[in-house]
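Now for the letters of each chain:
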Amino acid sequence: MVAVLIGTATFVMMRSLPGDAAWRIAAGRYGYDNVDAAAADAVRAELGLDGPALPALLQWLGDLARFDFGNSLVTGQPIVDEIAHQLGASASLALVAVLLSLLIGPPLGILAGLRPGGLLDRVLLVVSTGIKAIPQFLLALVLIVVLAVQLRWLPAAGHGEARHFILPSLTLALGLAAVNARIARDAMARIADMPFWRFAKWKGLSERQTLMRHGLRNVSVPLITYLGLQFVTLVEGVIIMESIFGWPGIGHALVHAIFSRDVPMVQGTALVLGLGFVMVNALIDVAVRRLDPRVAA
Amino acid sequence: MSLLKAEDITVRDGPATLLEPLSLRLEPGEPLVILGETGSGKSLMAQAIMGTLPPGLEAKGQVGVGKHMLNAAAPQRFRGLWGREIGVLPQEPWLSLDPLMQARSQIAEAHRLVRGLDRPNATTRAEADLAALGLAGAANKYPHELSGGMAQRVAIAAARAGGARIVIADEPTKGLDAARRDDVARLLLSEMGQIGGLLIITHDLALARMVGGRMIVLRSGKIVEQGTTNQIFAAPQHPYTKELLAADPENWTPRQRAGSGQTVVSTSGLAVERAGQHLFSKITLDIHAGEVLGVTGPSGCGKSSLGDALLGLLKPAAGTITRGSEKHAFAFQKLYQDPVAAFPRKRTLGRTIYDTLTLSGGRPNEVDALLARLGLDPRLLARRPDAVSGGELQRVSLLRVLLRNPSFIVADEPTSRLDPITQAQVISLLTEIAAQDDVAVMLVSHDAALIRNTSDEVLDLGPHGVPDTFENATDVRVGT
């Protein structure tokens, strides 16, 4: 169902984009300098781009049912191979970013939530709102300018070594952590105001024991639930980061496929991202169920 | 030797004295009840002894527990006593258990982290604690799978697992029905045993009477009377104590039956279900103008649902409801249990009241007349719902209901959150209105004594009133 919806939607959107698709595909294949009307016509004839839309869509869906994503219109390689290659690069970037954001956001949020209205709480509110308000590409550029260009600590772009991870994942993580921290802070402040928090102390537990045994688990439920929602932000961010830092991932590929009207490639990537969204949310539902017995009831 | 000695405890909020010097001793095996209404300072007293006063309040005095002597002015030192010497039974046991943790672990963690047992021993002890309280099967249950009574027993085991011999229970019976209240009293007494200490803070006269021991009656931060509980109940000395005991529904004078007027609402073979749960069936009743129908029974027996069905808020599963002689569309009104939740939070009471007046097309002097009749200060209307007392707010709710010129009022536990004296005032207003305005009233309460002494007809819904199936139900006929 998800696959059909995403496939159809991308197909319609790609068809309705302005510009001559054949021309763009030809440019993608041969480079902009080598394109002329003859090359575009050749592409048009080869791919049957003038044909009616509906049979083309139905054919794509039929192929999909046989797990055949087709070949890229530009490189001629099977889409499956291309995506499998790029997905690994994107997933590792996203994973590092999420882990990094969890190291930054929730601990600060919990500390702030333990003393609502305290200094840390107020500073954190300003900083997280500020970071959230900056568009991610701007944040990335600022980090590049400061850390790569001025201080020369880190490479501005590239892929392959561990240090190449730092800038793109840090940019993503800051955006995620800004929200994580708020969620953790609100959850912690709410929990610290609950009767069971007071009762844990009355039982004789110290502040630390109370936090470890009754705070963390309870905070993690809304945090993990929210992680599912953040996945959209994350995908968006990954696409931007990959373009800025030249990261050979699925987002980078998607942007290029759109530029060169590589419809099967766009459909394939969008489909993988869409199914990924469904899968991540399913996993999160399972995790929340395990953590919170009330949900299962 | 006393388990706990508190000497000259005072609590001040800046210049205002909230609790005047008070001393008490807690002896092993002899419960101590601190009885008082809201605002009497009874909870402040408990908080001062435990070192849990809210910030801004200052306590003075000495608290001796075992061999420790602590200064009430330095509350952080009390922390070491929690769980180890003093166990606190929280007001809302259900909310006081971690929702994500099994019952066993909530007890075992105190055995392990506070008493210092290793993990296997702590678990074994926790299971033994549960078994001793008749909860052997509940070890793996999460709080949402426990009933309120079970949660209370888990909480008391957890509160004492650190080794505490003294139990402080602050309003342990708030919002409980009579059967559950008696269970709690028995539980607390058996937990205390011969060597433990038990301090109960309550406004519940029935609980105080059941627990016995010694009693201190507090009013506005002052001790009014103290002595053994039996003696105070038998022969109260102070006028306030007398008034308080007279407000106990057990001691009310039964209502004189008024002549019944026209039938306002009647049912025949009524059955009600809620969320697929069968509540009761075959109820046939007639409610007449000027009459008070009392409905009682334990929690969950369908008292409120019966009211909702009569009001037309809930569709009956079987049977018929006939509403006779309705004066107008709004003649059937409901008085809610929690008046705070029944008013818009951020508007003054006056605005809400005058909006109602506009709706019913009445004249402003109607409000003034009702204010006087209900003994309300007109200045209250300038305040928001959270800035007046519960008793006053419930009377404002009654005023709002009366503005609609009702012929039938369902009062659903209207006083369960009020202190005894206030409760007596609100109930007597309600029954007076029934007689004077010729209004039919259905009064719902879990307090059987209250219902017995205020109602013309009584419908007891349970537990025998809850048959398994419609077919097995016996006919219940009231007032026909």
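From a predicted model like this one, the values you see are computed outputs, not experimental measurements.

Criteria and cut-off values
- Residues numbered from 1 in each chain as written.
- Chains lettered and ligands numbered in written order.
- Predicted model: local features only at pLDDT ≥ 70, side-chain atom pairs only at ≥ 80, totals over all residues.
- Heavy atoms only, no water.
- Helix = DSSP H or I, 4+ residues; strand = E, 2+ residues; numbered from the N terminus.
- Rg over C-alpha atoms; globule rule 2.2 N^0.38 Å.
- Buried < 20%, exposed > 50% of the residue type's maximum accessible area, 1.4 Å probe, protein only.
- Contact = heavy atoms within 4.5 Å.
- Areas by Shrake-Rupley, 256 points an atom, 1.4 Å probe, with all protein chains shown as cover.
- Lys, Arg positive; Asp, Glu negative; His and termini not counted.
- Charge placed at Lys NZ, Arg CZ, Asp CG, Glu CD.
- Pairing = 2+ DSSP bridges.
- Core = buried A, V, L, I, M, F, W, Y, C linked by side-chain atoms within 4.5 Å.
- Salt bridge = Lys/Arg side-chain N within 4 Å of Asp/Glu carboxyl O.
- Buried area = accessible area lost by both parts, 1.4 Å probe.
- Polar contact = N/O pair within 3.5 Å; in protein donor to acceptor, adjacent residues only side chain to side chain.
- Nonpolar A, V, L, I, M, F, W, Y, C, P; charged D, E, K, R; others polar.
- Domains from an automatic or database assignment.
- UniProt positions renumbered as here; feature names shortened; annotations may be inferred.
- Axes fitted to C-alpha atoms, helices over the stretch in contact; angles between N-to-C directions.

Engineer: Even after reading the chapter, I still don't get the overall build of chain B, so can you show me in this structure?
Structural biologist: For chain B, the helix and strand inventory stands at 14 helices and 19 strands. Compactness check: chain B gives a C-alpha radius of gyration of 25 Å against a globular reference of 23 Å for 480 residues, within 12% of the reference. Based on the C-alpha atoms only, the size of chain B along its principal axes is roughly 70 × 55 × 45 Å. Relative to its 480 residues, chain B shows a buried fraction of 54%. Sequence separation of 24 or more characterises 71% of the internal contacts of chain B that already satisfy a separation of 6 or more. For chain B, the exposed surface amounts to about 20,400 Å²; the carbon and sulfur share of it is 49%. Positive and negative charge centroids in chain B, built from 51 and 52 side chains respectively, lie 5 Å apart.

Engineer: When you look at the overall build of chain A in this model, what are you seeing that I'm missing?
Structural biologist: Per the secondary structure count, chain A includes 13 helices and zero strands. Counted from the first residue to the last, chain A has its helices and strands arranged as α-α-α-α-α-α-α-α-α-α-α-α-α. Taken over 297 residues, chain A has a buried fraction of 44%. Relative to all contacts within chain A whose residues are 6 or more apart in sequence, the contacts with residues 24 or more apart total 71%. When the accessible surface of chain A is totalled, it reaches about 15,000 Å², and 69% of it is carbon and sulfur.

Engineer: Is there a simple way to think about the environment of Q106 of chain B in this case?
Structural biologist: Assignment of secondary structure puts Q106 of chain B in helix α2 (residues 103-113). When near neighbours in sequence (up to four residues on either side) are disregarded, Q106 of chain B contacts K203 of chain A together with L97, D98, M101, P143 and A158 of chain B.

Engineer: How do you make sense of the pairing of strand β4 (residues 58-65) of chain B when you look at a structure like this?
Structural biologist: One face of the sheet, then the other: side chains in a regular strand alternate in exactly this way. All names here are of chain B. Note that strand β1 (residues 4-13) and β4 share seven bridges and pair antiparallel. Pairing of L4 across the sheet is with V65, part of β4. Pairing geometry for β4 and strand β5 (residues 68-71), over four bridges, is antiparallel. Within the sheet, the bridge partner assigned to V65 lies in β5 and is H68. Connecting the antiparallel pair β4 and β5 is a turn made up of two residues, with G66 showing a positive phi of about 55°.

Engineer: Is there a simple way to think about the nonpolar core in this case?
Structural biologist: Generally speaking, nonpolar side chains in soluble globular proteins are found buried as a group. All names here are of chain B. Counting 87 residues, the largest nonpolar core has L4, L24, M45, I49, I86, I168 and L188 as the members making the most contacts within it. The element that contributes the greatest number of residues to this core is helix α4 (residues 148-160), accounting for seven residues. Not counting chain neighbours up to four residues away, the residues in contact with L4 comprise L24, R25, L26, I49, G64, V65, I86 and I166.

Engineer: What should I look at first to understand the pattern of salt bridges in this one?
Structural biologist: For side chains bearing opposite charge, pairing can occur when the charged atoms are close. Overall, the coordinates contain 17 salt bridges over all chains when judged by the stated rule. Between K334 of chain B and D308 of chain B there is a salt bridge; the shortest N-O distance is 2.8 Å. Highlighted residues: K334 of chain B in strand β15 (residues 332-335) and D308 of chain B in helix α9 (residues 303-311), separated in sequence by 26 residues. The residues K334 of chain B and D308 of chain B share a single accessibility class, namely buried. Through salt bridges with shared partners, a single ionic network connects D121, R185 and D186 of chain A.

Engineer: It is not clear to me how the interface of chain B and chain A should be interpreted in this structure. Could you clarify?
Structural biologist: Buried accessible area, meaning the area lost when the parts come together, often serves as the stated size of an interface. Facing the 28 residues of chain B at the interface are 21 residues of chain A. Overall, the association of chain B and chain A removes approximately 2,200 Å² of surface from exposure, summing both partners, and the carbon and sulfur fraction of that is 61%. Contact with chain A buries surface across chain B, with R79, L100 and E109 of chain B losing the most and accounting together for 28% of the total. The tally of links between chain B and chain A comes to eleven residue pairs in polar contact (both at pLDDT 80 or more). Looking at side-chain class alone, the side of chain B that touches chain A contains 17 nonpolar, six polar and five charged residues.

Engineer: Whenever I open this one, the domain arrangement of chain B confuses me. Can you help?
Structural biologist: All names here are of chain B. Its domain assignment divides chain B into domain 1 (4-249) and domain 2 (263-478). The C-alpha-based centres of domain 1 and domain 2 are spaced at 34 Å. Residue-level contacts link twelve residues of domain 1 with 14 residues of domain 2. Carbon and sulfur atoms supply 55% of the area that domain 1 and domain 2 bury against each other, a total of about 1,100 Å² over both sides.

Engineer: So what exactly am I meant to see when it comes to the UniProt feature "transmembrane region" (unreviewed entry) in chain A here?
Structural biologist: All names here are of chain A. Residues given the UniProt feature "transmembrane region" (unreviewed entry) here are residues 91-112, 133-153, 165-184, 223-245 and 265-284. Strand forms 0% of residues 91-112 and helix 100%; the C-alpha atoms that close the span are 31 Å apart. For residues 265-284, the end-to-end C-alpha separation is 28 Å, with 100% helix and 0% strand making up the annotated structure.

Engineer: How do you make sense of the pairing of strand β6 (residues 86-89) of chain B when you look at a structure like this?
Structural biologist: All names here are of chain B. Neither face of β6 is exposed, since I86 and V88 on one face and G87 and L89 on the opposite face are all buried. Direction of pairing for β6 relative to strand β7 (residues 166-170): parallel, over a ladder of four bridges. Paired with L89 across the two strands is A169, which belongs to β7.

Engineer: Looking at this model, I keep getting lost on the sheet that holds strand β16 (residues 408-412) of chain B. Mind explaining?
Structural biologist: Hydrogen bonds between backbone groups are what pair the strands of a sheet, and the pairing can be parallel or antiparallel. Residue and element names in this part refer to chain B. Across the sheet, five strands lie side by side as β15-β16-β17-β13-β18; this open sheet has parallel pairing. Unpaired on one side and paired on the other, β15 and β18 (457-460) mark the two borders of the sheet. On average, each strand axis in the sheet is tilted by 15° relative to the strand beside it, whichever way the strands run. Here four bridges tie β15 to β16, and the two strands are oriented parallel to one another. Bridge pairing in β16 places K334 opposite V410. Along the sheet, helix α12 (residues 390-403) makes contact with β15 and β16, crossing β15 at roughly 175°. The sheet strands contacting helix α13 (residues 420-437) are β13 (292-296), β15, β16 and β17 (440-444), and the helix crosses β17 at an angle near 155°.

Engineer: Whenever I open this one, the sheet that holds strand β2 (residues 16-26) of chain B confuses me. Can you help?
Structural biologist: Residues and elements named next belong to chain B. Spatial ordering of the open sheet is given by β2-β1-β4-β5, a layout of four strands whose pairing is antiparallel. At either margin of the open sheet sits one strand with a lone partner, and together these are β2 and β5. Going across the sheet, the axis of each strand differs from the next one's by a mean of 5°, ignoring polarity. Along the sheet, helix α1 (residues 42-50) contacts β1, β2 and β4; its crossing angle with β1, the most-contacted strand, is approximately 115°.

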